[in-house]
Amino acid sequence: TVTLPRLKSMIAGSIPGFLDVAANLNAPEMREDNVISRAMSAGRSVLMFGDETWLRLFPTGFKRSDGTTAFFVLDTEEVDHNVTRHVLPELARDDWD
């Protein structure tokens with residue numbers, strides 16, 4: 001999959017390189033300037049439910065999280081189910097931004 005390069009482009013606004021594709025299976029913590037780190041620095045509470053690549057990029061970046069492996073390309077529903085089961089309970093809470 002090419003999840004890591006896409007996330008890095010979206011979050012940091014940078015163009016992914018070949019090494020990002022190669023590191024996709026073992027994503028290192030993101031050190032570049034990015035929107036998640038800026039939100040944390042500003043005291044915001046961010047939640048993440050979905051692809052576990054986010055948790056590898058930002059291991060301490062989320063108030064609450066539940067990552068699901070998206071490595072198995074044929075399983076197109078597991079990440080969606082993970083997100084869906086958390087949506088309504090989280091919308092009822094007011095401790096996140």
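Not measured: the values here are computed from a predicted model.

## As for the nonpolar core
Within the largest apolar cluster, twelve residues are counted, these being L4, L7, I11, M30, I36, A39, V46, M48, W54, L57, F58 and F62. Breaking this core down by element, the ones donating at least two residues are α1 (3–12), α3 (35–41) and α4 (53–57). In terms of residues, this core owes the most to one element, α1, which gives three residues. What W54 contacts, discounting residues up to four positions off in sequence, is L7, M10, I11, I36, M48 and F62.

## Here's the deal with the environment of E78
Examined against the element boundaries, E78 turns out to sit in helix α5 (residues 78–91). Spatially, the C-alpha atom of E78 lies 9.4 Å from that of D51, the residues being 27 residues apart in sequence.

## Let's talk about α5
Helix length check: α5, at 14 residues, gives a terminal C-alpha distance of 21 Å against a target of 20 Å (1.5 Å per residue), a fit within 8%. Within α5, the full set of buried residues consists of N82, H86 and E90. Summarising the axial view, the buried residues of α5 lie within an arc of 45 degrees, below the 170-degree limit, and thus occupy one face. Away from the buried face of α5 by more than 90 degrees, exposed residues T84, L88 and L91 are located. Along its buried surface, α5 packs onto β1 (47–51) and β2 (64–68).

## Looking at the pattern of salt bridges
Enumeration according to the criterion identifies nine salt bridges in this entry. Of the charged contacts, one joins D33 and R38 as a salt bridge, the two residues approaching to 2.8 Å between their closest N and O atoms. Using a relative accessible area of 53% as the deciding quantity, one classes R38 as exposed. Each of K63, R64, E90, R93 and D95 takes part in a single network of salt bridges with overlapping partners.

What counts and how
Residues numbered from 1 in each chain as written. Predicted model: local features only at pLDDT ≥ 70, side-chain atom pairs only at ≥ 80, totals over all residues. Heavy atoms only, no water. Core = buried A, V, L, I, M, F, W, Y, C linked by side-chain atoms within 4.5 Å. Buried < 20%, exposed > 50% of the residue type's maximum accessible area, 1.4 Å probe, protein only. Helix = DSSP H or I, 4+ residues; strand = E, 2+ residues; numbered from the N terminus. Contact = heavy atoms within 4.5 Å. Expected span 1.5 Å × (residues − 1). Arc of directions from axis to C-beta. Salt bridge = Lys/Arg side-chain N within 4 Å of Asp/Glu carboxyl O.

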